[in-house]
Amino acid sequence: MATTPTTSRTISVEINGTTYEREVPASRLLVHFLRDDLDLTGTHVGCDTGSCGACTVQLDGAAVKSCCMLAVQADGASLRTVEGLAGEDGELSALQQAFHTHHGLQCGYCTPGMLMSATALLERNPHPSEDEVKLALQGNICRCTGYWNIVEAVVAAGEGGAQ
Amino acid sequence: MTTVETEAPTLQKGAAMGQSVPRKEDGRLVQGQGVFFDDIKRHGMGFLHFVRSPYAHAKIESIDVSAAHELPGVYGTLTGDEVAILTDPFFQIAAPPGGHVKDYALAVGKVRYIGEPVVAVVAQTRELARDAAELVTVEYEPLEVVVDARKALQEGAPVLHEECGGNMSYTGVWEWGDVDAAFAEADHIVSIKELHFDRFNSTPLECDGALVEYNRGTGQWTMYTNNQFPGFAAIMMGPALRVGLDKLRIVTQDIGGGFGNKITTHPQLVVCCLLARKLKRPIQWTEWRTEFHQSMSHGNERWFEDTEVAVKADGTLLGFRTKAIDDAGAYLRYEPLGGVIWSQVAPGMYKWRHLRVEFTQAMTNKAPCSPNRGYSRMQQLWFTERVIDIVAHELGFDPVEIRKRNYVQPEDMPYETPNGCVYDSGDYPRALEMALELVGADRIEERRAEAASRGKLLGLGIGSTLDSGTNNFGQSQLVNPDLQFSGNNEVATVKLDIFGEVVVTLGTTPQGQGHETTAAQVVADTIGCDVDSVHVRAGHDSYWNSHAGFSGTYASQFAVTGLGAVKGAADMLAGQMKQLAAMVFQCAPDDIELAEGFARIKGNPEAALPFMALGAIVNANNAGFPDDPPTLNCRYVYRPPFQVPDKERKFGNLTLTYSMQIHACVVEVDPETGVTEVVDYAAVDDCGTRINPQIVEGQVMGATAHAIGAALWETFAYDEDGNLLTPNFYDYHVPHALDMPPLKTAAIESPSPFTPLGTKGMGEGGGGGIHCICAGIQDALRAAGGAIVTDSHNPYHRVWELIAHPERSRENVEVRSK
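Residues numbered from 1 in each chain as written. Chains lettered and ligands numbered in written order. Predicted model: local features only at pLDDT ≥ 70, side-chain atom pairs only at ≥ 80, totals over all residues. Heavy atoms only, no water.

(A) The overall build of chain A, seen in detail. Scanning chain A for helices and strands turns up five helices and five strands. Listed N to C, the secondary structure of chain A is β-β-α-β-β-β-α-α-α-α in terms of helices and strands. Expected size for 163 residues packed as a compact globule is a radius of gyration near 15 Å; at 16 Å, chain A falls within 12% of this value. For chain A, the spread of C-alpha atoms along the three principal axes comes to 50 × 35 × 25 Å. Per-residue burial for chain A yields a buried fraction of 58% across its 163 residues. Chain A carries 9 positive and 19 negative side-chain charges, and their two centres are separated by 7 Å. (Helix = DSSP H or I, 4+ residues; strand = E, 2+ residues; numbered from the N terminus. Rg over C-alpha atoms; globule rule 2.2 N^0.38 Å. Buried < 20%, exposed > 50% of the residue type's maximum accessible area, 1.4 Å probe, protein only. Lys, Arg positive; Asp, Glu negative; His and termini not counted. Charge placed at Lys NZ, Arg CZ, Asp CG, Glu CD.)

(B) How the structure looks around the pattern of salt bridges. The final tally for this structure, using the stated rule, is 63 salt bridges over all chains. For the salt bridge of A:Asp36 with B:Arg126, the shortest nitrogen-to-oxygen distance reads 2.7 Å. In this pair, A:Asp36 is assigned in helix α1 (residues 30–37) and B:Arg126 in helix α4 (residues 126–134), connecting two distinct chains. Here B:Arg448 and B:Glu445 are joined by a salt bridge, their closest N and O atoms 3.0 Å apart. Placement of the pair is B:Arg448 and B:Glu445 together in helix α14 (residues 444–453), with a separation of three residues, close to one helical turn. (Salt bridge = Lys/Arg side-chain N within 4 Å of Asp/Glu carboxyl O.)

(C) Structural view of the packing of helix α2 (residues 94–101) of chain A against helix α5 (residues 148–158) of chain A. All names here are of chain A. Their axes nearest at 8 Å, the elements α2 and α5 cross at an angle of 140°. Overall, the two elements α2 and α5 adopt an arrangement that is oblique. For α2 against α5, the interelement crossing comes out right-handed. Packed against α2, whose contacting residues are Ala94, Leu95, Ala98 and Phe99, the element α5 presents Ile150, Ala153, Val154 and Ala157 at the interface. Class assignment of the residues belonging to the contact of α2 with α5 gives a composition of eight nonpolar, no polar and no charged. (Axes fitted to C-alpha atoms, helices over the stretch in contact; angles between N-to-C directions. Parallel < 35°, antiparallel > 145°, perpendicular 65-115°, else oblique. Left-handed = near helix turned anticlockwise from the far one by under 90°. Contact = heavy atoms within 4.5 Å. Nonpolar A, V, L, I, M, F, W, Y, C, P; charged D, E, K, R; others polar.)

(D) The arrangement of helix α16 (residues 558–585) of chain B in detail. Residue and element names in this part refer to chain B. Its 28 residues place the ends of α16 38 Å apart at the C-alpha level, agreeing with the 40 Å of an ideal helix rising 1.5 Å per residue. Taken across its 28 residues, α16 has 21 buried, putting it largely inside the fold. A positive backbone phi angle near 55° is found at Gln586, which sits one or two residues after α16. (Expected span 1.5 Å × (residues − 1).)

(E) View of the domain arrangement of chain B. All names here are of chain B. Per the domain assignment, the segments of chain B are domain 1 (41–143 + 204–258 + 262–295), domain 2 (172–201 + 297–363 + 370–474 + 645–817) and domain 3 (489–638). Centre-to-centre separation of domain 1 and domain 3, based on C-alpha positions: 39 Å. Each side of the interface is counted separately: domain 1 has 18 residues, and domain 3 has 15 residues. Here domain 1 packs against domain 3, burying approximately 1300 Å² in sum over the two surfaces, 51% of which is carbon and sulfur. Contact with domain 3 buries surface across domain 1, with Gln228, Phe229 and Arg249 losing the most and accounting together for 36% of the total. (Domains from an automatic or database assignment. Buried area = accessible area lost by both parts, 1.4 Å probe.)

(F) Region of interest: the UniProt feature "domain: Aldehyde oxidase/xanthine dehydrogenase a/b hammerhead" (unreviewed entry) in chain B. Mapped onto the present numbering, the UniProt feature "domain: Aldehyde oxidase/xanthine dehydrogenase a/b hammerhead" (unreviewed entry) falls at residues 31–144 of chain B. Between the end C-alpha atoms of residues 31–144 of chain B the distance is 51 Å, and the span holds 18% helix and 31% strand. (UniProt positions renumbered as here; feature names shortened; annotations may be inferred.)

(G) Representation of the interface of chain B and chain A within the structure. Listed as interface residues are 56 residues of chain B and, on the opposing side, 54 residues of chain A. Summed over both partners, the interface of chain B with chain A comes to about 4700 Å²; 58% of that surface belongs to carbon and sulfur atoms. Here chain B and chain A share six salt bridges between them. Across the pair B:Glu714 and A:Arg143 runs a salt bridge, and its minimum N-O distance is 2.9 Å. Elements that contribute at least two residues to the side of chain B that touches chain A include exactly α1 (26–29), α4, α9 (289–295) and α18 (693–712) of chain B. Across the side of chain B that touches chain A, the residue classes break down as 25 nonpolar, 19 polar and 12 charged.

(H) Summary view of the pairing of strand β2 (residues 46–52) of chain B. All names here are of chain B. Within β2, seven of the seven residues are buried, leaving the element largely enclosed by the surrounding structure. Of the two faces of β2, both are covered, the one formed by Gly46, Leu48, Phe50 and Arg52 as well as the one formed by Phe47, His49 and Val51. Pairing between β2 and strand β13 (residues 283–286): three bridges, direction parallel. If you follow Leu48 over to β13, its bridge partner there is Trp285. Sheet topology note: the β2/strand β6 (residues 117–123) ladder contains six bridges and is antiparallel. In the sheet register, Val51 faces β6, and the bridge partner there is Val119. (Pairing = 2+ DSSP bridges.)

(I) A look at the confidence of the model for chain B. Averaged over chain B, the pLDDT score is 96; the fraction of residues at 70 or greater is 98%. Low pLDDT, under 50, characterises residues 1–11 of chain B; the stretch is placed with 33 contacts to residues that sit more than four places away or in other chains. (pLDDT = per-residue confidence, 0-100.)

(J) Quick peek at the packing of helix α12 (residues 399–406) of chain B against helix α13 (residues 428–438) of chain B. All names here are of chain B. Interaxial distance between α12 and α13 falls to 10 Å at its minimum, and their mutual angle equals 160°. Of the possible angle classes, the one that applies to α12 and α13 is roughly antiparallel. From α12, Val400, Arg403 and Lys404 reach across to α13, where they touch Leu432, Glu433 and Leu436. Residues belonging to the contact of α12 with α13 are distributed by class as follows: three nonpolar, no polar and three charged.

(K) Inspection of the sheet that holds strand β3 (residues 58–64) of chain B at higher detail. All names here are of chain B. Ordered by their spatial adjacency, three strands build an open sheet running β5-β3-β7, and the pairing between neighbours is antiparallel. Taken across any chain shown, the strands that pair with only one partner, and hence form the sheet edges, are β5 (110–111) and β7 (137–142). Taken together, the six bridges between β3 and β7 define a ladder with antiparallel strand orientation. Its bridge partner lying in β7, Lys59 is registered against Glu141.

As structure tokens, this is what we get:
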């Protein structure tokens, strides 16, 4: 028997500094709420199993996989997505700039998730070593780069900005 | 990165070309502003979900969609019965028997693999569509299943496609030179009973999908999609939908990885088209990860049976004969092209002249195969590399020396292979030296001893590989003489607009290869401006008039066909700008130079027109102009110089360029567990002139990661009932950041003499990492019973078996010496 969503709920979340109030079906994943309802399409979906990390966002500061949460669970939370990384004047964050300089992206599909995981890392550990970066990114899959340039970019960003 | 130039480049590198210009694409991608197909929304669109087969082989007894239709929010459904009425089966590349396959967009009458789409359901939301799909009832009568290509070819095996009379889709004998004479001349004959190249694919992070709209007034469909070969998709879809190709507008922008896996989405796109028309609303289809793994584009699995190798006493390789069995899966979406594409690299990088391959392709109850990074050549190159290392192992040759002795040498270039392919340029022995140096091969015995003191088995492996690029589609006639395909083409337009904007459109569908950047580099240097002033439109659009029959991004060719078209169009524009400036200044076009965004009289910097002035004259201020001004809107079709191959002899040049990579690795195997750790790794690349070295290196890295994954972790494993055991990233382990070894890269530039810019197609890497890790494991195991590596995929349990029972693998090999 299909599970027709019979209930919905109004939730309020702050995302990148803006508060959104929306009614969402109980079965809607947070990632689809961001993408489909709010048009914040920078956050991506790459798997069904919580394995790939393309949907990573920051929820109250912690990096979480937004495909592994229901939207209603985010009620009252403060979120940050890739759209919230650059400054208000459009200036790229040091990490975004480092990905660009070090060729840390190719197709760009995993990039938002990588940036969010790495941003969370740099906030708790501003100068991570190569091994610390790899550990922090182990939940993020990239199929284009082989990770070498991504790790290099995050380490460089931790050394005080793009090299 | 060490860069060594072996020859003077054919191209005068300019201010931009040859530089690692940071990518133009990155700005939007690092801010989440890329536009991937799933980001596109339309008012009233319906979400599509497929009902898929839970059986690997079964008759469809009945389908009942009524309960799904009753669910509020469901817009409609599509079944195979409707598809069979509304469309024709897809055109088959194969000649009979494979040519008899009837392939529709949904299963008709029968299912042939688990995950095959049977019914499509469209609803108001993603969640509803998925729920409604569960309400569809399909009754099946299960049939006997065959998942092993060797068994599928045997008498009495269950037949997938009755109209084919069996499971064989293609067979042919490929023989060049005098094989019998080579074996008569040989001092040693090394036999290898069976080698197996495993099934995997590159699993791009973005799955397949589309947003499809139907315009009832014009009968045209627009597909915002991530298909990477729109030329092929259109050729497949038009006849199936019974429309001309003008009715199919294919649009791409950002694509989340492709690697060949996104070439054969035409069946699903046809379903979207039919539903957009039927339900009178835009259709949104996004594949789920499990669906991608179960049903899309697996790489060709291949067996090599009864291989024999003719070797002289001094280690000179004379030739080989083998029987290849290719597993195409349940349908022939792009197959049996894998049955010919391997022959682009028939001898690998070696000079043996006497080759015989009996090639047979079988259909099995597994997901269909289609191109995957290194498509079909990777299997053949792995075979030649495995043969070299097994021969060296059995006859006591040094794997380095036997390679150097038998490599095609730089002085042989351009080198014609026994089957008429032309290796354009390169220095393989030198690249090998560089790779060995980078992994510290001179200290290998010392390191072996040190590892042994820690209880580890250490080995050195080499993987020599070719990345043949720019297909001659005439090779398709070698598997089906009636096909009317040959050559290749790609298109670009470059124009100067009203305010001096330089605008470029391409027919390609980049998925991370940085086409916007490299195209801008070529245009900037050609017309004399900076890279930032060149605006390259992102992606492909069939309405731009910048595409041809073979447009797309696949088969390692952008640097040749794509940039060839860009260079051609930019040269045309430069000529027109000079002509126009000459009209204004009343001088000869040859007196004009283009530089720094101006057209100016040489030696007279005062007489200079900014690009904006030229664009304005033509586009907005042309009245009274004395002569017909040029259009400043230039379209160029690049066509590589190909002939149709000789079908009788299966002889001819199948590929324009041959990039080369030598990979070398040092591995440590834990004999207790069979776990392999790659501790050193180097890749030396030669793809001719590099327009953007950083992008090239990125491609080398990506291909290396794919190969390491395939060698150690990634496999599409099936059980006997045809269940895929690795249907998601949880079970199908792709490398993570922690899995990657330290990597060193280096490059040689041997410009291709055959291409406009000296460039060669690259990016696929030819599985170099698979070859060298297999070799490294075999080398490590010499000290533990001398097992032979016979599989391309070597997870810890297989390596453990090799250590525990080396005699089992050794039974595969026999040496007869005179």
